[in-house]
Structure formats: structure tokens, C-alpha cells
Amino acid sequence: MSILSTEELAEFVTSIDGVLAKAWPSAHIASQDADGSAIRQIWLSAVQQGWTNLASYKALDAAITACDRLGRVACPLPIMDIYVSAMMLEKHSYLVDQIVDGTIRPVVAVSRKPTTKLQFVEAASAATHVLELVTETGEARLCEIVDFTTTPGLAKPDWAEVRLEDQPIITLDPREEIFEDAKVLLRLGLVARAVGAARRTWELSLQHAQDRVSFGKPIGSYQAVSHRLVDGAVDLTACEGLISQAIESYLLGRSNWHLSCELAVEFSAPAAIRTQFGGHHTLAAQGYFEEHEAPWLFRRINTDVALLSSISPAEGQVADILVEGNVRLPFLELGSQAEEFRSELTQVLARFDNNVPVGHSWDDANKAFSIEAVKRGYLTMAWPASFGGQDGPAEKQMVLTEELGYRRLSLLGKDAADLVGTAIIYYGTPEQQQRILPLIASGNFPFYVGYSEPEVGSDLANLQSKAVRDGDEWVVNGRKEWGTGAHRAEWIWLAARTDPDAKPPHKGITLFLTRIDRPGFEIQQHRSLSGTISSSTFLDDFRVPDSDRIGGVNEGWKVITKALVKERVIMANFTSGLLRLLDDMLCEIRKDPVEKLGTRGSAKRALISELASRLQATRVLLYLSVREMSIASGSARLEGPMAKMLSAVLHEDFGKAALHIFGPAAALGEGLSDVPGRGAFEYNLRFSIRQAIGGGTIDIQKNMIAYALGLPR
Ligand SMILES: Cc1cc2nc3c(=O)[nH]c(=O)nc-3n(C[C@H](O)[C@H](O)[C@H](O)COP(=O)(O)OP(=O)(O)OC[C@H]3O[C@@H](n4cnc5c(N)ncnc54)[C@H](O)[C@@H]3O)c2cc1C
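Rules used throughout
- Throughout, residues of each chain are indexed from 1 in the direction in which the sequence is written.
- Only residues with pLDDT of 70 or above have their local features reported here, since the model is predicted, and side-chain atom pairs are shown and tallied only from 80 upward, although totals for entire chains, interfaces and linings are computed over all residues.
- The basis for every side-chain value is the complete set of heavy atoms in the structure, and neither hydrogens nor water enter the calculation.
- In DSSP terms, a helix is any run of H or I states spanning at least four residues, a strand is any run of E spanning at least two, and both are numbered starting from the N terminus.
- In this treatment the radius of gyration is a C-alpha quantity, and the globule benchmark scales as 2.2 Å times the residue count to the 0.38 power.
- A contact between two residues is defined here by any heavy atoms of the two lying within 4.5 Å.
- Computed by Shrake-Rupley with a 1.4 Å probe, the accessible areas treat only the displayed protein chains as cover when residues are assessed.
- Counted as positive: Lys and Arg. Counted as negative: Asp and Glu. His and the chain ends are not counted at all.
- Taken as the charge location is NZ of Lys, CZ of Arg, CG of Asp or CD of Glu.
- Burial status follows relative accessibility: with a 1.4 Å probe on protein chains alone, a residue under 20% of its type maximum counts as buried, one over 50% as exposed, and anything between as partly exposed.
- For salt bridges, the criterion is a side-chain nitrogen of Lys or Arg within 4 Å of an Asp or Glu carboxyl oxygen.
- If even one non-hydrogen atom of a residue comes within 4 Å of a molecule or strand, that residue is called near it.
- The definition of a polar contact used here is a pair of N or O atoms within 3.5 Å, where within protein one atom must be able to donate a hydrogen and the other to accept one, and adjacent residues in sequence count solely through side-chain atom pairs.
- Just so you know the grouping, Ala, Val, Leu, Ile, Met, Phe, Trp, Tyr, Cys and Pro go in nonpolar, Asp, Glu, Lys and Arg go in charged, and all remaining residues, Gly too, go in polar.
- Domains are outlined according to an automatic or database domain assignment.
- Convention adopted: a line fitted to C-alpha atoms gives each axis, helices being fitted over their contacting stretch, and angles between N-to-C directions are expressed from 0 to 180 degrees.
- Orientation categories follow fixed angle ranges, with anything under 35 degrees roughly parallel, anything over 145 roughly antiparallel, 65 to 115 roughly perpendicular, and all other angles oblique.
- In this scheme, a crossing is called left-handed if the near helix is turned counterclockwise away from the far one by less than a right angle; it is called right-handed if the turn is clockwise.
- When DSSP finds two or more bridges between a pair of strands, those strands are recorded as paired.
- Summed over both partners, the accessible area (1.4 Å probe) lost when two parts come together is defined as the buried area.

Enquirer: I'm lost on the overall build of the protein in this one. Help?
Expert: Along the protein, the regular secondary structure elements total 23 helices and 16 strands. Taken over C-alpha atoms, the radius of gyration comes to 29 Å for the protein, in line with the 27 Å a tight globule of 713 residues would show. For the protein, the C-alpha atoms occupy an extent of roughly 95 × 60 × 50 Å along the three principal directions. Across the protein, every contact between residues at least 6 apart in sequence was considered, and the portion connecting residues at least 24 apart equals 73%. Total accessible area on the protein stands at roughly 29400 Å², and carbon and sulfur atoms take up 52% of it. For the protein, the centre of its 72 positive side-chain charges and the centre of its 89 negative side-chain charges are spaced 3 Å apart.

Enquirer: Would you mind showing me how to read the side chain of Asp33 here?
Expert: When you line up the elements, Asp33 lands in the loop between helix H2 (29-32) and helix H3 (37-49). The side chain of Asp33 sits in the buried core without any salt bridge; Arg40 is the nearest counter-charge, 6.7 Å away. The contact partners of Asp33, leaving out residues within four places of it in the chain, are Trp24, Ala38, Ile39 and Pro157.

Enquirer: Please explain the site of the ligand as it appears in this structure.
Expert: As a matter of local geometry, the ligand sits amid 17 residues, with Ser458, Trp482, Thr484, Thr697 and Asp699 nearest to it. Take Thr484: an N or O atom from its side chain is 2.7 Å from a nitrogen atom of the ligand. Alone, the ligand offers 970 Å² of accessible surface; in the complex the protein occludes 62% of this. Of all the secondary-structure elements, those providing two or more residues to the shell around the ligand are strand E11 (473-484) and helix H23 (698-708). A per-element tally of the shell around the ligand places E11 first, with 4 residues. When the residues that make up the shell around the ligand are grouped by side-chain class, the tally is 5 nonpolar, 9 polar and 3 charged. When residues are assigned to domains, the shell around the ligand turns out to be shared by domain 2 (337-411 + 418-427 + 557-713) and domain 3 (447-550), each giving three or more.

Enquirer: What's the story with the packing of helix H7 (residues 176-211) against helix H10 (residues 294-308) in this structure? I'm lost.
Expert: Following both chains from N to C, one finds H7 and H10 inclined at 155°, their axes separated by 9 Å at the closest point. Our classification of the angle between H7 and H10 gives roughly antiparallel. Once H7 is placed against H10, the crossing between them reads as left-handed. Taking contact as the criterion, the partners of Arg187, Leu190, Val191, Arg193, Ala194, Ala197, Ala198, Arg200, Thr201 and Leu204 in H7 are, on H10, Leu297, Arg300, Ile301, Asp304, Val305, Leu307 and Leu308. Here the contact of H7 with H10 is built from residues that sort into 11 nonpolar, 1 polar and 5 charged.

Enquirer: What is the right way to read the pairing of strand E3 (residues 129-134) from this model?
Expert: Residues in a regular strand point their side chains to alternate faces of the sheet. With 6 of 6 residues buried, E3 lies mostly within the body of the structure. Here E3 shows a buried face lined by His129, Leu131 and Leu133 and a second buried face lined by Val130, Glu132 and Val134. Judged from the 6 bridges that link them, strand E1 (residues 106-111) and E3 form a sheet pairing that is parallel. Following the sheet pairing, Val107 is matched in E3 by Val130. Bridging between E3 and strand E4 (residues 139-151) involves 6 bridges; their strand directions are antiparallel. Each bridged residue has a counterpart across the sheet, and for Val130 the counterpart in E4 is Cys143. Counting the residues between successive antiparallel strands, the hairpin from E3 to E4 contains 4 residues, one of them, Gly138, with a positive phi of roughly 75°.

Enquirer: Help me understand the domain arrangement of the protein in this model?
Expert: How big an interface is tends to be expressed through the accessible area that disappears when the partners come together. Domain annotation for the protein reports domain 1 (182-324), domain 2 (337-411 + 418-427 + 557-713) and domain 3 (447-550). Between domain 2 and domain 3, a total of about 1500 Å² is buried, with carbon and sulfur atoms accounting for 75% of that surface. Taken together, the connections running from domain 2 to domain 3 amount to 0 salt bridges. Counting across the domain 2 and domain 3 interface gives 1 residue pair in polar contact (both at pLDDT 80 or more). Sorting the residues of the side of domain 2 that touches domain 3 by element identifies helix H15 (414-427), helix H17 (556-570) and helix H22 (680-691) as the ones contributing at least two each. Along the lines of polarity and charge, the residues of the side of domain 2 that touches domain 3 split into 12 nonpolar, 1 polar and 2 charged.

Laid out in C-alpha cells, this is it:
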């Protein structure tokens, strides 16, 4: 078994790209290889480079990496067919040797019955044999190719219809698992190649968006174009993350590696196609003509995805595996330290109410657990040890929010510790740190965030509430909107304008943390669609001591952005909430799968497969962002907002799907007997909108990603 290090994988990529640069330098070659000379040359190089021997080392990471690189130049070298053939013929070393030295050049095809004629065969001009997987008998037959006829169409080079010798060289009767392993690996290889091709088109369209000027501006500065590129970036990053996760699962021999692969396939096939079409929309006419690489990449992606349906796994789609196999989405590991903490936490949580009704966690947090969590230092685990914390890495914090989110529990005071506490540690004075941090650490620090105003939401830098200095105090006038928890708060985390003329305006904002039980403060409550209370608060000559200023005058923006970083870990809470929702849905479905979803192949099963794969993609992105936060000390620039974007839309789609699958019963609220999901489905539907707004709307997340991608504003 091989798990290549990052450096080894990078070396392997360089070597593949070096070979391709000589023998198949760009996607255009796909149009020029009618006689098959280029594909034969590449196959020869593959032999010389040892790529035909990857199965001997179980080097799936290398094989899939090769698929990705081949996809980028639309090259049909069937590297996974070679891998799978060698894997299945493992016990017949004389045949494996011939695959390795290129005497046998196999492609794999799936057929229902043994046959001598096969359609849709790639690279037939270079192949010598077909390994035929016969689904009815479970046999694998290695047959020599007699001749072939090309079948022109979308595929370039053309697919072929091949004629095989009547008598196979060998007929294998592999164990069923190996037969299925082969199919799953072939499918993963196809999507990896399609994703590689889509990545190339996306890179070309990103470049085009930066260079091409229209109506006097680079087209990348138009939001329609930049958001399309962002959608592609999110899709591709998620595809690549899921594919890596599937490889890891295979290499570590996890029992559910098929499911990991199928989740990657389920998400990546449509995502690669979406991204390719999006790329064409950006490249417009330039990308439509054959001088450009895009048309050849387009053919590669669409034919690779089309081939998937000719290789259906017996286990069925993702939904079939989840429902019939009675399994959950594959677990994602966060490293040994974090996982040790998960075991400890799970034991602690087992002693508390793990059945908190949905929607109650905001108001009726499990107080008993919160007291225990304070004692154990969970509340402040992210703080530096010098401030009484545990220097807890992002992974451990993620475990905490995940495990609580899954159980719909909340830890009282966690927002205060994460948002306010972190900012005070970085920007507070020693006096403020001494005065406030112990209050926060006690778990009893009711506060609310005073950022939004009637005229200001996303464009926070333009906030208008004014604070004017008066001796040792500031006099604040203005109105703050949607302050969640303000009706129970004792403190406000207040952003106010202290320089009305600042340019840019964010340089005129100052941050205060102050008590609200003073004259000049009034409150008006609003109940949201999900039932939470947020309030308008009116500040009328409201006096704030200067000792409550956090950070320098007009330096509030730095403080705000520091506090926002934590929001990404907090978000994990919502993703694990979705995992819980999926588990609740599956639990309900398993009571009568056919009644709830229909038989295999139904649209409702397809919907569950899609939701499950999107959820796994979101989780993978979140894990990547947390890892990046640990490495780059706090900057998860891309994956954080990407995960947020995916999770926001997913909440809405889960809500809609529940009503679609369970009908009116899913619209019933918690409290009635026998309500599907104990009311979680209808609550989630109402709550989902909030996910698309809070912590930055989806559009704002896209703007942030576009900026990080280097697109012009
Ligand atoms: C349940 C809930 C609780 C909240 N709690 C708090 C709280 O405790 N404290 C607090 O301060 N605030 C709170 N908010 C407010 C929240 O922060 C804002 O709603 C959010 O920042 C968006 O602002 P807005 O609603 O004013 O929308 P706007 O900013 O007015 O946006 C309206 C629409 O325009 C789009 N848009 C705006 N600018 C751009 C742009 N540059 N590019 C593309 N599209 C753009 C947005 O995406 C959106 O679709 C809460 C909101 C909700 C829903």
C-alpha cells in the first residue's frame, strides 16, 4: 500500500506533466489522433515510467492523480483500466508482468452477458485486450481484441466498437467484493479525469476574466462573471476534497470506502459538467472554436460522465447504500489529538440530555452541561494558556462544536468566549482583560452584537451610529438592528462611527464593550421566522466610558475582523446539524424505504444521494478550512467561505426535500406524537433562510472568494 507524501505526489505530478508535455501537450491532441499514434506513444511512456505497475503497490493516490493530470489535457490513456486489470489479475503474475511491460494493454468494459462485441471502448487503437466484467455471472474475462471500428460522436479520439476473440485468455471468478471494487475504482477514475479537465477549463476562464475587457472593464469585475467563477471554484475544490477523501479511505482500508468513492462520484459528475458549461459561458466565442482547448475538454468531461452509467455498482446509488446498508456518512478524522478529545467529550456528553428538542438549544441550552463544560475548560479552550485557556487547536474546537451541534446542545457563553473573548485577548488592555475575561470564562456573559443598523447590513463599514468623545466618556446616538439575544443581554458589543469623514469609511469605526443598564438605551423585540428573538435597540445620548473601548480609536475594523475568524469554526455546528438532519431522515426512511422513496432508481432516491454528497462535500471543505486555519494561524481564506456557501444552500434544500419526501407530516412541529424527525424538518426549513444571511450573505461570501481568487473588483 502506498500513501504518497505531498512532496512525493508533487514529484509524481511533475513527472506526468513532463511526459505529457512531449507526447500529449494539450487538449487539442484529442482531435489530431485519428491513427492512434499519440495514444500508443503515451502508453509506451506509461510503461517506461512505471505507471502500468501502480496496482502492485496499491498506489491509488498516484493512479487517481494521473487521471486528473490526463484530464487536464483531455487524454484518454486508460490508467484506471490498467490499474484495475492488474489488480484483478493479481494471482496470475505472468499476465500482470505483461501488463506492466506493455505487452498486454487492457481496457475494461462491463457487460451483462459474455460477448464478443463491445461498444463505447476508449483508446482501442492502442489497446490489445479487454477485461470484460460480466455482471450476470460475476466473471471477469480477459479477451484479445481482434479488430475495431471507430464510432464517431462526442468522444475524441473516437470511441470504438471492438470485436473480441471467442475464447478468453483467462476467465476469473473473483470474489464479489473484488468485482465491485473494480467498478467503484473505474468510476472514481472517470470522475477524477473529468474534474481534471474541468479544472483546466476553469483556469482558462479565470485568466480570461482577468484579461478580457468589455464595456471598459475587465469582465471579471462583473459580478455575474466573478460569481460564476466562484461557483466553479467551490465545486472543484469540493470535488478534489471528496476524491482525496475517497483515496484516503481506500488506502486506509476503511470498510466504507466504496461509499466514500460513490459520494465523490455523485458530487463530482454533475459538478464537473456545471463548471465546464460555466467556463464556456465566460470564455464565450473564444472558447467555442476548435483552436481553443475548451471544446476538447468539453468532450472529455461529458463522455467521461456518460461512461459512468455503463458501470453501475451492485450496491446502487449513495441513497441505496445509506438506506439499505444502514450506514452513515463516512466519518472524517481531524487528527489524533482532536479524536482523543472527541472520545473524552462523547463520554462526558453521555451523562447529559442528548435529546434536546430541535430549536430549543438557543433558548434552553443545557445548563447542566454548560456548568460541567466550564469546569473542564471547554468554554475557553481556544484561548491562549496565558489567559487561562488551553491553546486548543482549531481541530479540537471543531470537535466541540460538531458534537454539540449534532446533539442540538449549546454551550452557554460560547459565542462570548469565541467572539468577544478572542478580540479582547488580542486588542483589550490588561485592565479589560482582567476585568472581563473571568466573567466570560464563568459562562455567564449575556451580550449581543451591535453591528447592523436600519440602513446597514452587509456594508458594515458604512455604519452610522455615532460616538462622540466627551471627556472620559463617549456619547452614542443611533439605532442598532436585529440584535440577537439583546432582550436578555447585559452587555453590547458595539461598533460605532467615531470619524464621520474617514476614507475609506471602515477607518472611522471604534469598538466598545459596554453594559446596557444605563440611561439612553431602549429595546424593541422582533420574533423571527425560526422563532428566535432579535431586537432593535435605540441609543439616545447613551454614555459609554472610554475604559470600555476595545482597541484604538478608529481601529474597530481590525477588532471586528479578528472576531469574525472564529465564526468559521462556529459554523461547523451548523454542518453537524445537517448531518443529524440526514440521519433523522434516513431513520424515518428506513421504516419503509419503498413507501418513502420508491424503488431503486427513483427520483427521491436520487435526491437523497445528491443531498448526502453535497453534505459530505461541505464537511470536507470545512475540515480543509480548519486544517488551513491551524497551519496558517487563523486564515482560512477560501475553504471557510466556500463551506459556508454550500452549507447555507444545503439547509434550504434539506428543508424542501423533507417536505417533498415525507409530505405534510414533515410540516408538523415538535410536541405532537409520531412527528417525523420530532419536528426537526419543519424547523430546519424555517431556520434555513437565516443560514443564507447571518455571518455574511451568500453573495458576500462569493465576493470574498472572488477577491481571494484575484478577480478584479
Ligand atoms: C436571524 C438573524 C439574526 C441576526 N442577528 C444579528 C445580531 O445579533 N447583530 C447584528 O448586528 N446583526 C444581526 N443580524 C443582521 C445580519 O448581520 C444582516 O442581516 C446581514 O449582515 C445582511 O444584512 P441585511 O440583512 O441588511 O442585507 P443587505 O446587506 O441589505 O443585503 C440585501 C441583499 O443584497 C445583497 N448584497 C448586498 N451587498 C452586496 C454586494 N456588495 N454584492 C452582492 N450582493 C450584495 C445581499 O446579499 C442580499 O441579498 C441578524 C440577521 C438575522 C437574519
